[in-house]
Amino acid sequence: MSTVVFRPTSLIEALTILNREHAQPFAGGTDLMVQRRRYGSLPPRFDRPVLFLDAVGEITTVHDGAPGAQSPGQLDGESRALWIGAACPLSEVLKHGAVSPVLKRSIELLAAPGLRNRATLGGNIANASPAADALPPLYALGARIVIDSIAGDGIKRRVVPIGEFIRGPRETTLGPEEILTFVVIPRHDYSHSYYRKVGTRAANALTKVAFAGVADRDAAGRVTRFACAFGAVAPTVVRVPEIEADVVGHAASSLDAEAIADRYSAYIRPIDDQRSTAAYRAHTAHALCADFVATLSAED
Ligand SMILES: Cc1cc2nc3c(=O)[nH]c(=O)nc-3n(C[C@H](O)[C@H](O)[C@H](O)COP(=O)(O)OP(=O)(O)OC[C@H]3O[C@@H](n4cnc5c(N)ncnc54)[C@H](O)[C@@H]3O)c2cc1C
């Protein structure tokens, strides 16, 4: 049986089709084509119509600030944030000058160049793999997810922190009539950004552990902002606000990197799988966290 496909060019059209056809959103297809594959050179099989998102103009670029026509009142505080279109190819996200270095680094290490020309941030988030590489930076940066659906003649919008959007492995709060449209990232130039992905090779590597850290030090050497996020060590990305709050306000030179990493160990719950062992993951997550904290006092 052949697959019915739609390729809308506007968001309202895409949402209307999704609502009417109960279609499967398809951004870059780099997760979907694997999940839907059949063997023996048979084409992938989709059990419902496919909704291509790659021609939906509004969500295939990076916007400096809220896209004018779509900026709802409740987002006034975020109007200066970076709005990354969920269906923007990762290679285009990389080219944008205002994208945070910690997120860029994770994208540079995601898959390989050809794949990044198709794969999107929205797909990485909606697929909700515990090992998705862009997730730890997005958690550390306090990203918010914009989700749209059709309501009468217009668009209904909800905005949630990424940690509330992802509920578990492959599980999100996305409804069948909703499209993830933007990833909103507050603008801030951190004095310290750190990202490490531990895999088996430089490209197309399955992630064993990923770690993102961002922090600020003021002129007196005190830590004024601090956030850490760990990937592939629990069902969802691990971020612990209580530990972060305890670090803020201290002189960077007084921080005990090992002790801070020890505290995170209580929240790290890795598993053994085909990529790595739980013991290796726990040990590596600890080492990366301690290394990041040590960079904060490195210039003292
Ligand atoms: C060879 C190879 C190497 C890879 N390497 C890595 C890697 O190193 N790191 C990594 O993290 N991932 C990797 N991946 C996985 C994949 O490339 C990424 O997760 C990618 O970001 C998925 O984006 P996509 O646009 O291709 O998603 P798609 O495959 O199009 O979609 C994935 C899921 O999200 C849904 N979806 C997509 N966009 C939206 C939207 N806007 N609104 C609602 N639902 C949506 C789809 O319906 C589907 O369920 C790799 C994949 C392959 C094939």
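Keep in mind it's a predicted model, so treat the numbers as computed, not measured.

## Examining the environment of Ala 278
Then, in step 1: Relative to the helices and strands, Ala 278 is located in helix H11 (residues 278-296).
Then, in step 2: It is 9.9 Å that separates the C-alpha atoms of Ala 278 and Ala 234, two residues lying 44 residues apart in sequence.
Then, in step 3: With residues up to four places along the chain from it excluded, the contact list for Ala 278 reads Pro 270, Ile 271 and Asp 272.

## What about the environment of Thr 61?
Then, in step 1: Position of Thr 61 relative to the elements: it lies in the loop between strand E3 (50-52) and strand E4 (62-64).
Then, in step 2: For Thr 61, a relative accessible area of 36% translates into the label partly exposed.
Then, in step 3: Taking C-alpha positions, Thr 61 is 9.6 Å from His 96, a pair spaced 35 residues apart along the chain.
Then, in step 4: Ignoring anything within four residues of it in the chain, the contact list for Thr 61 reads Trp 83, Ile 84, Gly 85 and Cys 88.
Then, in step 5: A polar atom in the side chain of Thr 61 sits 3.3 Å from the side chain of His 63.

## Some points on the layout of surface pockets
Then, in step 1: Space inside the largest pocket adds up to approximately 1400 Å³.
Then, in step 2: The set of elements that each furnish at least two residues to the lining of the largest pocket consists of strand E2 (24-26), helix H2 (32-35), helix H6 (121-127), strand E9 (171-172) and strand E10 (179-185).
Then, in step 3: The two domains that each donate at least three residues to the lining of the largest pocket are domain 1 (57-185) and domain 2 (192-296).

## Focus on the sheet that holds strand E5 (residues 82-85)
Then, in step 1: Spatial ordering of the open sheet is given by E4-E5-E10-E6-E7, a layout of 5 strands whose pairing is antiparallel. If you trace the sheet from one side to the other, it starts and ends with E4 and strand E7 (154-161), each paired once. Recorded for the sheet is a direction-independent mean angle of 25 degrees between the axes of neighbouring strands.
Then, in step 2: As defined by bridge partners, E5 adjoins E10 across 4 bridges and the pair is classed as antiparallel. By the bridge assignment, Ile 84 is partnered in E10 with Val 183.

## Some words on the domain arrangement of the protein chain
Then, in step 1: The domains assigned to the protein chain are domain 1 (57-185) and domain 2 (192-296).
Then, in step 2: One C-alpha centre belongs to domain 1, the other to domain 2; they are set 23 Å apart.
Then, in step 3: With 21 residues of domain 1 at the contact, the number on the domain 2 side is 22 residues.
Then, in step 4: Summing both partners gives a buried area of about 1700 Å² for domain 1 against domain 2, and 67% of it is carried by carbon and sulfur.
Then, in step 5: When residues of domain 1 are sorted by the area they lose upon contact with domain 2, Pro 136, Tyr 139 and Ala 140 head the list and together hold 30% of the total.
Then, in step 6: Measuring nitrogen to oxygen at the nearest pair gives 2.6 Å for the salt bridge that ties Lys 197 to Asp 133.
Then, in step 7: Taken together, domain 1 and domain 2 are joined by 7 residue pairs in polar contact (both at pLDDT 80 or more).
Then, in step 8: Elements with a minimum of two residues in the side of domain 1 that touches domain 2: helix H4 (101-108), helix H7 (135-140) and strand E8 (166-168).

Analysis parameters
- Residues numbered from 1 in each chain as written.
- Predicted model: local features only at pLDDT ≥ 70, side-chain atom pairs only at ≥ 80, totals over all residues.
- Heavy atoms only, no water.
- Helix = DSSP H or I, 4+ residues; strand = E, 2+ residues; numbered from the N terminus.
- Contact = heavy atoms within 4.5 Å.
- Buried < 20%, exposed > 50% of the residue type's maximum accessible area, 1.4 Å probe, protein only.
- Polar contact = N/O pair within 3.5 Å; in protein donor to acceptor, adjacent residues only side chain to side chain.
- 1 Å grid on protein atoms, 1.4 Å probe; cavity = no way out; pocket = protein on both sides within 12 Å on 5 of 7 lines; lining within 4 Å.
- Points joined across faces, edges and corners; volume = space filled by probe spheres on them.
- Domains from an automatic or database assignment.
- Pairing = 2+ DSSP bridges.
- Axes fitted to C-alpha atoms, helices over the stretch in contact; angles between N-to-C directions.
- Buried area = accessible area lost by both parts, 1.4 Å probe.
- Salt bridge = Lys/Arg side-chain N within 4 Å of Asp/Glu carboxyl O.

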